[in-house]
Structures are given as structure tokens and as C-alpha cells.
Amino acid sequence: MSATSMRTHMSGELRSEHIGQAVSVCGWVASRREHGTQLAFVDLRDHTGVVQCVVDNGVDVRSEFVIRVTGVVRARLEGTVNKNLPTGEIELGECVVEILRTAEPPPFPIDARADKVEENTRLQHRYLDIRRERMQRNLRVRAKVNSAIRRAMEAQDFVEVETPMLVPSTPEGAREFLVPSRKEPGSFYALPQSPQLFKQLLMVAGIDRYYQIARCLRDEDLRADRQYEFMQLDAEMSFVSQDDVLEAISEAVMAAAEAATGERPPAIERITWHDAMNRFGVDKPDLRFGMELTELTDAFASTEFKAFAGAASIKGINASGKAEEMGRNKLDGLTDRAKKIGAKGLVWLKVGADGSLDSPVAKFLSADEQAELLRRLAGVPGDLILIVADDWEMTCEVLGTLRNDLGRPPVWQGPYRYVWVTEFPLFIGRNKETGKPKPGHHPFCRPHPDDLDKFETDPMAVRALAYDLVLNGWELGSGSIRIHESDLQRRVFNALGISDEEADKKFGFFLRPFEYGAPPHGGFAFGIDRLVAILAGEENIREVIAFPKTQSGSDPMTNAPTPPSPSQLAELGIRTLPAKV
Ligand code: ASP
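Colleague: Could you give me a rundown of the overall build of the chain, with the residues and numbers involved?
Modeller: Regarding its fold elements, the chain presents 13 helices and 22 strands. Taken along its principal axes, the extent of the C-alpha atoms in the chain is 90 × 75 × 55 Å. For the chain, with 581 residues in total, the buried portion stands at 50%. A separation threshold of at least 6 residues defines the contact pool for the chain, and within that pool the share at least 24 residues apart is 67%. Surface summary for the chain: the accessible area is close to 28400 Å², and the carbon and sulfur share equals 51%.

Structural data, given as C-alpha cells:
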């Protein structure tokens, strides 16, 4: 398949079975070693690997020259076989080398040594960085994942539909990128945070099962698992329950994982949001390690210890075996971290060799309380126990964060632990200015049918038919069963502080079609960059994106973003303010 009019084989696929064959290979000079004036060993690289070419009539090639070599495959001499190289048993002899293009010396070596090069330099010369084995592998894993997802979705009768990139602003929570309109100066399109509204309208339109490998754009601070633009498998289905959606998406995720790793993951577990918070302290639990949060509130119900007395929620974790390595400085560090998150404090206790508790607060705890504490947390000598007493949210958040700090392996490290987190709250937190609840996910999620009566009286207790998919502590994606009735949608908008008039003005294009017969529907989207990064063994999604932005949002290769010319601005009717210094 890879033969062309210029080559017969790929360099990395030549083996002993090809001995005696005349072949042509094309690629880049990976290295060159001289033996006397005439004899040279040239390693030729293409994306499949390198092959050694023995050139005995002298040739002036340097690193990264583009060459074509025609030669005969022969066995390497005894003692020169390279067991570390897939092509290490053979070499090309009688080589004729044709220089297709010379090359300047590259700014960094095109091999694993470039991993140590500053990322900006790698990104500035991304086309050279991608020539390397690691990037070639990552981009090819990504392509396999995309293709497996497409196949899995199509096998389940999903139809690929493309949705626009120039869209109105939508209330999905993230800051949007705006694009000025030339025809209507002063008006702007937004770039889509996701195809959310369009995919729901496709359900009104009778598409039944939609999917798209969609580009989404969000103007949020970048970090290891976040880029301004990212790819999602976006899907929506009509006439479904939550189980139908989870099954369909699980199928795509498993197919993707199998394509990347060769192994199909076991059926994905489920946990409710409330249980995830209670046991792991976070809504994206990493199930690869223990150290679960343990309930202690009732154990201290009649305590004399002031910091615990009357606390709404007391929980602890056992950082097994960590007593010795956590000296005073490190413990102060943990306490500072807990306080930064918002806790009043952090109680630590070390279990001593005789099973007694070593801690500045031990003397305030009764013997019974100490015994119960050790029993519940299964404390044995050498353990470090951390306790937080606060309101439930704070206790969970602080201990969830410390649990991850103390126990979490790198995200890509096996085993892969996928988990569906279900029953997210409809609202999480409140808007600081308006005091109105904020959507837990986005405003189109369907309230849990059992909680509808709490909607106006106790909105924060209303659960949604909303779910996330989590892998090794990274949120891969979210979805929900949707609201398909405009009156219920208005109720949710009102709870969020969006009046009927405002809703009509902003989302009339979305709400009105629902009056024409919207089917019950639900969907999901998961981040392909995140999934591929984990499956490819990378800690940062930039490593699996061909041309990513740096942490500060720029592209050192193209220099984007750049200031527009005055005439471009004039055409758009835009005047810019001087940059803030
Ligand atoms: N649009 C949502 C997101 O991008 C996913 C969904 O609810 O289907 O997170």
C-alpha cells in the first residue's frame, strides 16, 4: 500500500525475509557515520522507522537531508546485528543515494532527546517535532481512535451531521470567542462551545441519532487537559432513557480504547454524584487507588473537641504508611492547602508503633473516640490520618484534593478506570452577583423526575438526569437527558435568573422549534484529545494535538494571535483600545 513511484518499501518494515531483494526507500537522514573516505553508514528514517544503508562510493549527505536510496537488502555481518532495532538484522548494500532536498541543521535532534527541549522550541518547529517517533505514534493513535469512533457510531445507526462554526452566543458556561460581522458592524458571531443547540434541533428535525467529531472552542485558561479548541465526539439520540445513551457512548469509548491499546475495557462502572463526592470528595473520582473518604460525623457526635463539636460533616482519609515521610513542614503544607481551599483547618494524626495516636490534638479526643477513629479508618502503625470538619461540600472538597495530592498516579498510568458519574445536581453553587443558582452542567439538562417538586422550594437539592464520563480522574465528557418542553425549559431559565423575555430574545431560535413537536431526547459529548492523551501515555493533551497553542494561548510557529491591519479593522467597524500593560 505504501509503495509509490519513488519507493518500493517503507524503511522500518524491512526484515530478513527481504534479503536479496532490490528495494527503494525514501525519507530523511537520521544519522551518518563515516568509515574512511569512501564508506559511510547512513540511517534513513521515515515514519515507520530507520534502516541502515551502506554507501561505499562516498556521498555528501547531512542530517535531515531528504534522500532516496536504492539498494539490496542483505544480512548484517556477525557482531553488527542491532537487537534494539526492528530492522537491526539487515542493512541495504550497493546503495545508490539520490538527494531529493538538502536541509539546514535542525534546531534540535529529531529523536527522543527533543523531549528535553523547551516546549516553545518544539512548537515553533512543530513540523520537525512531528517527524519524531513519539509524535508520529501519538497522531496515529489519534487517527485510529477517530476512525474507531466513527465505525462504532455508524454501526449503531448514528448519522454524521456537520453544524456551523459561526453561531450565536449560547449559555453553556464558558467564555466564548467572538467573530466580528463585516456586514453588520457591531454584531458578532460566537464560535461554538459545542454543537449543543444544533444537535437538539436535529432531534426536533427527526434525525433520530446524530453524531459528529466536532471542534469546540472555549476561551478559558489553558492547562494540561485544556486547549482553546478541542475535539469532541458529540452525539444526540431521540426516544431514549439515560441507559440507552450510556450504552451507545460506552460502545464508542470501548472501540476507541481497543483501537489504541489492543484491549477492550471491561463494562464501565457507575457511581452517583453524591456517592462520588462522599467517597472520593470530587466529581471526577480516580478509582485507581484507595484512600477513600470515611464518614466520622456520628463518631464525634458528643465530642469535647471544639474543632469537631457541632460540625455538619466530619470525614477522614488514611494515607497508609505515610506517617514517617510526612515531616512537620509537609504537614504544614497540607494544612495551608486545606485552608486555601476554604477549610478552617486540618487535623492530622500519626499512628505510632504501639498503635497510639501522635498528634497535637490527640489529647482532646477521648479514648473511645480514638479507638473508633482507628477502627473506621483501619489505622495501623505508620499511617497518617487526615480529618476535616466543616460543611459537607468543604469537607469533601478538601479531603478529595488531599487524597489526589497524596495518592494519585500520573493520569496515563494503567489500569484504565472508566466510571460514569450519574445524577449530577441540576444546580451547583450560586452566581456571586445575582445570588441565583448556576447550572451544574448546562441549562438544557432535564431535572430528575423524582425531584420536580423541590424545584422552587429547594433548588440546590434537585438532581438532573446528567452524567459525566471519567477516566483515571480526568473528566472525559458530559451529557444529559434534555428538557424537550419549552415550559419546563423556561422554568429552568427562570431559576437561573433568565426571564422569559430574555430567553425569547436570546434563545427564541432554540425555544420556538420545541413548540413544533420536540421528541424526548438526550446525548453526550466526550473529549477526544483527553482520551487519546491517556491512551497514548501522555500527561498533556498538547502532545496528541498536531498544532496546539502554548499554555499562554499563542502559537510559536505561526505567531498567532497577531494584530490585524488598520484596514481590516476599519472594514469591520472596530477600533481597538491600547493593550493593557
Ligand atoms: N454540550 C455538552 C458539552 O460539550 C455535552 C452534552 O451535554 O451533550 O459538554
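Moving on from the coordinates now.
Colleague: Describe the pairing of strand β3 (residues 49–55), naming the residues involved and giving the relevant values.
Modeller: With 6 of its 7 residues buried, β3 lies for the most part within the structure. Relative to β3, strand β2 (residues 39–46) is paired through 7 bridges, and the arrangement is antiparallel. Across the sheet, the residue bridging to phenylalanine 41 is valine 54, located in β3. Connecting the antiparallel pair β2 and β3 is a turn made up of 2 residues.

Colleague: Describe the packing of helix α3 (residues 133–155) against helix α5 (residues 242–261), with residues and values.
Modeller: When two helices pack together, their arrangement is given by the angle between their axes and by how far apart the axes lie. Running from N to C, α3 and α5 cross one another at 145 degrees; their axes reach a closest spacing of 8 Å. The element α3 and its partner α5 pack so that their crossing is right-handed. Here Val141, Lys144, Val145, Ala148, Ile149, Ala152 and Met153 of α3 come into contact with α5, specifically with Glu251, Ala252, Ala255, Ala256, Ala259 and Ala260.

Colleague: Any chance you could break down the layout of surface pockets for me, citing the residues and the numbers?
Modeller: If you add up the space inside the second largest pocket, you get close to 580 Å³. Residue lining of the second largest pocket: 27 residues in total, with Arg45, Val50, Ile110, Asp111 and Glu133 positioned closest to the centre. Breaking the lining of the second largest pocket down by element, the ones donating at least two residues are β1 (22–35), β2, β3 and α3. No other element matches α3, which puts 3 residues into the lining of the second largest pocket. Per-class residue counts for the lining of the second largest pocket are 9 nonpolar, 8 polar and 10 charged.

Colleague: Before we move on, can you summarise the state of the cysteines with the specific residues and values?
Modeller: Overall, the coordinates contain 0 disulfides when judged by the stated rule. Free cysteine: cysteine 26, not disulfide-bonded; nearest cysteine sulfur from cysteine 53 at 11 Å. Since its relative accessible area comes to 12%, cysteine 26 is described here as buried. Cysteine 53 carries a free sulfur, and the closest cysteine sulfur to it, the one in cysteine 95, is 4.8 Å from it.

Colleague: Describe the site of the ligand, with residues and values.
Modeller: Around the ligand, 14 residues are found, and the nearest of them are Gln196, Lys199, Arg218, His442 and Arg482. A distance of 3.0 Å is found between a nitrogen atom of the ligand and a side-chain nitrogen or oxygen belonging to serine 194. In this structure, histidine 442 approaches the ligand through a side-chain N or O atom, which is 2.8 Å from an oxygen atom. With the chains in place, 95% of the 270 Å² that the ligand exposes on its own is no longer accessible. Within the residue set of the shell around the ligand, elements represented by two or more residues are α4 (196–204), β21 (474–481) and β22 (521–527). Residues belonging to the shell around the ligand are distributed by class as follows: 2 nonpolar, 8 polar and 4 charged.

Cut-offs and rules
- Residues numbered from 1 in each chain as written.
- Predicted model: local features only at pLDDT ≥ 70, side-chain atom pairs only at ≥ 80, totals over all residues.
- Heavy atoms only, no water.
- Helix = DSSP H or I, 4+ residues; strand = E, 2+ residues; numbered from the N terminus.
- Buried < 20%, exposed > 50% of the residue type's maximum accessible area, 1.4 Å probe, protein only.
- Contact = heavy atoms within 4.5 Å.
- Areas by Shrake-Rupley, 256 points an atom, 1.4 Å probe, with all protein chains shown as cover.
- Pairing = 2+ DSSP bridges.
- Axes fitted to C-alpha atoms, helices over the stretch in contact; angles between N-to-C directions.
- Left-handed = near helix turned anticlockwise from the far one by under 90°.
- 1 Å grid on protein atoms, 1.4 Å probe; cavity = no way out; pocket = protein on both sides within 12 Å on 5 of 7 lines; lining within 4 Å.
- Points joined across faces, edges and corners; volume = space filled by probe spheres on them.
- Nonpolar A, V, L, I, M, F, W, Y, C, P; charged D, E, K, R; others polar.
- Disulfide = S-S within 2.5 Å.
- Near = heavy atom within 4 Å.
- Polar contact = N/O pair within 3.5 Å; in protein donor to acceptor, adjacent residues only side chain to side chain.

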